[in-house]
Amino acid sequence: ASTRAKLRSTQILTSLPQLVSELVQNSLDAGATLIDLGINCEEWFCWVKDNGCGISKQDLSTLSKDSEDGRYGTSKTYTPGALNSISTFGFRGEALASAAELSCLEISSRTANSRETWSIITKGGHNLYSGPAIRWQRESSGTVVCIRDAFYNLPVRRLSHPPPTRTLEVIRQEIETLALVFPQVAFTLEALDDKREAGSSKGRSFRIPKTSSSLASFRNIYGRALIEHTEEMELASGVLKLNGFISLNGAVSKSYQFLYINRHPIARCELHKLIDTRFASSSFAKNALDEEGETCLPRSGLRRSPRKAIKMPVYVLNLTVPPEEVDNCLEP
Ligand code: ADP
Ligand code: MG
């Protein structure tokens with residue numbers, strides 16, 4: 001059974017950024033408005049702290065079970081039929097059970113109606129501690145999930161990671177992508193291996209304050225220049241709703257295109273191509289091309305265009321559809 005649990009976990013947790021993303025999604029599902037992360041990619045260490053609803057003592061004890069099936073648990077899908085109408089990120093109770101298998105997992109949590117913080121520690125599928133929290137005491141409801149030695153028993157998965165700085169960059173991008181559609185949530189990330197941190201502007205720690213809209217969050221994260229000429233939209237047709245914004249400025253890159261279905265980020269697909277095509281044929285794009293391809297590009301990763309580069313639209317768009325219309329078990 002332990003081999004089976006380990007094999008199953010390897011399918012669920014594919015990388016450190018993906019593991020962090022699962023934890024952040026759990027915090028969002030728990031209704032958190034403050035999510036703080038600490039990350040050390042060199043040490044395969046991270047923690048995610050939130051002010052969400054917390055996990056009850058009883059549910060924590062499920063997560064600390066040694067037996068393979070005992071450990072898998074979710075509070076989000078109540079009946080098999082519910083699989084057709086999922087609105088949360090999580091629904092199958094695999095992430096934490098898998099983290100318990102492939103790392104040393106410590107969870108400390110407190111629910112609104114509890115007076116104490118309860119905690120469990122597991123490693124490689126075995127329970128090491130279950131009792132009152134020793135660290136990470138909480139004053140009000142919330143959860144801290146701390147991962148040490150991620151993939152310690154699956155060394156080959158560590159090898160498939162890029163260097164730590166790049167891994168952190170991927171984590172940053174995933175947090176930013178979620179922050180854009182959860183503007184009411186404030187995020188902080190502390191790069192725990194960042195030796196340049198103190199007093200240095202080059203630190204890789206960051207903070208995304210809560211705002212009133214995706215547009216305001218975008219401005220905070222990427223700066224104003226990319227969204228100078230912006231059209232905010234809220235369109236509805238039947239049961240479909242589209243909201244967000246598109247910048248008619250465009251950027252010389254595709255990396256400012258964020259498309260979501262029911263606030264779940266989606267990978268590049270036909271919809272992106274359709275927007276690009278429409279943008280390219282619009283008069284805005286033609287005007288944009290007449291100007292020098294000068295954009296204010298933030299941070300790393302983007303090169304200044306040589307002469308006239310083709311501008312791509314910048315957008316954050318969320319398509320709301322009835323949950324039963326999308327297959328959440330795959331990419332929505
Ligand atoms: P899923 O998200 O698919 O339900 P997970 O393994 O990610 O499965 O989490 C298992 C359960 O643990 C969740 O259903 C939820 O009840 C609880 N949980 C996990 N993280 C948190 C959190 N940050 N706050 C509150 N509850 C949480
Ligand atoms: Mg989850």
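Residues numbered from 1 in each chain as written. Chains lettered and ligands numbered in written order. Predicted model: local features only at pLDDT ≥ 70, side-chain atom pairs only at ≥ 80, totals over all residues.

## Quick notes on the packing of helix α1 (residues 2–12) against helix α5 (residues 95–102)
When two helices pack together, their arrangement is captured by the angle between the axes and the distance separating the axes.
Part 1: Where α1 contacts α5, the two axes come as close as 9 Å, and the packing angle between them is 115°. In this structure, α1 crosses over α5, and the sense of that crossing is left-handed. Together, A5, K6, S9 and I12 of α1 and A95, S98, E101 and L102 of α5 make up the contact between the two elements.
Part 2: Split by residue class, the contact of α1 with α5 holds four nonpolar, two polar and two charged. (Axes fitted to C-alpha atoms, helices over the stretch in contact; angles between N-to-C directions. Helix = DSSP H or I, 4+ residues; strand = E, 2+ residues; numbered from the N terminus. Left-handed = near helix turned anticlockwise from the far one by under 90°. Contact = placed C-beta atoms within 7 Å. Nonpolar A, V, L, I, M, F, W, Y, C, P; charged D, E, K, R; others polar.)

## Focus: the confidence of the model for the chain
Part 1: Of the residues in the chain, 87% have a pLDDT of 70 or more, and the chain-wide mean is 86.
Part 2: Confidence drops under pLDDT 50 across residues 289–301; counting only partners more than four residues distant or on other chains, this segment forms 17 contacts.
Part 3: Across the predicted assembly, pTM comes out at 0.89 and ipTM at 0.99. (pLDDT = per-residue confidence, 0-100.)

## Some words on the pairing of strand β6 (residues 142–148)
Part 1: The buried fraction of β6 amounts to six of the seven residues, a majority that puts the element mostly inside the structure.
Part 2: With seven bridges connecting them, strand β3 (residues 104–110) and β6 associate as antiparallel partners. Within β6, the residue paired with E106 across the bridge is C146. (Buried ≥ 20, exposed ≤ 12 C-beta atoms within 10 Å, placed from the backbone. Pairing = 2+ DSSP bridges.)

## As for the packing of helix α7 (residues 164–181) against helix α8 (residues 214–222)
Part 1: The N-to-C vectors of α7 and α8 enclose an angle of 150°; their axes lie 7 Å apart at closest approach. Taken together, the axis directions place α7 and α8 in an arrangement best described as roughly antiparallel. Contacts between α7 and α8 pair E176, A179, L180 and V181 from the former with S214, S217, F218 and I221 from the latter.
Part 2: Along the lines of polarity and charge, the residues of the contact of α7 with α8 split into five nonpolar, two polar and one charged. (Parallel < 35°, antiparallel > 145°, perpendicular 65-115°, else oblique.)

## As for α8
Part 1: The set of residues buried in α8 consists of S214, S217, F218, I221 and Y222. Burial along α8 is one-sided: seen end-on, the buried residues are contained in an arc of 105°.
Part 2: Contacts made by the buried residues of α8 are with α7, β8 (206–208), β10 (240–251) and β13 (312–320).
Part 3: With its phi angle positive at about 95°, G223 sits one or two positions after the end of α8. (Arc of directions from axis to C-beta.)

## Considering the domain arrangement of the chain
Part 1: Taken domain by domain, the chain holds domain 1 (2–208) and domain 2 (223–325).
Part 2: In this assembly, eight residues from domain 1 lie in contact with 10 residues from domain 2. (Domains from an automatic or database assignment.)

## Structural notes on the site of ligand 1
Part 1: In the region of ligand 1, 24 residues are neighbours, and N26, A30, T74, S75 and G90 sit closest.
Part 2: Secondary-structure elements contributing two or more residues to the shell around ligand 1 are α2 (16–29) and α5.
Part 3: For the shell around ligand 1, the element with the most residues is α2, which contributes four residues.
Part 4: Residues of the shell around ligand 1, tallied by class, amount to seven nonpolar, 10 polar and seven charged. (Near = placed C-beta within 6 Å.)

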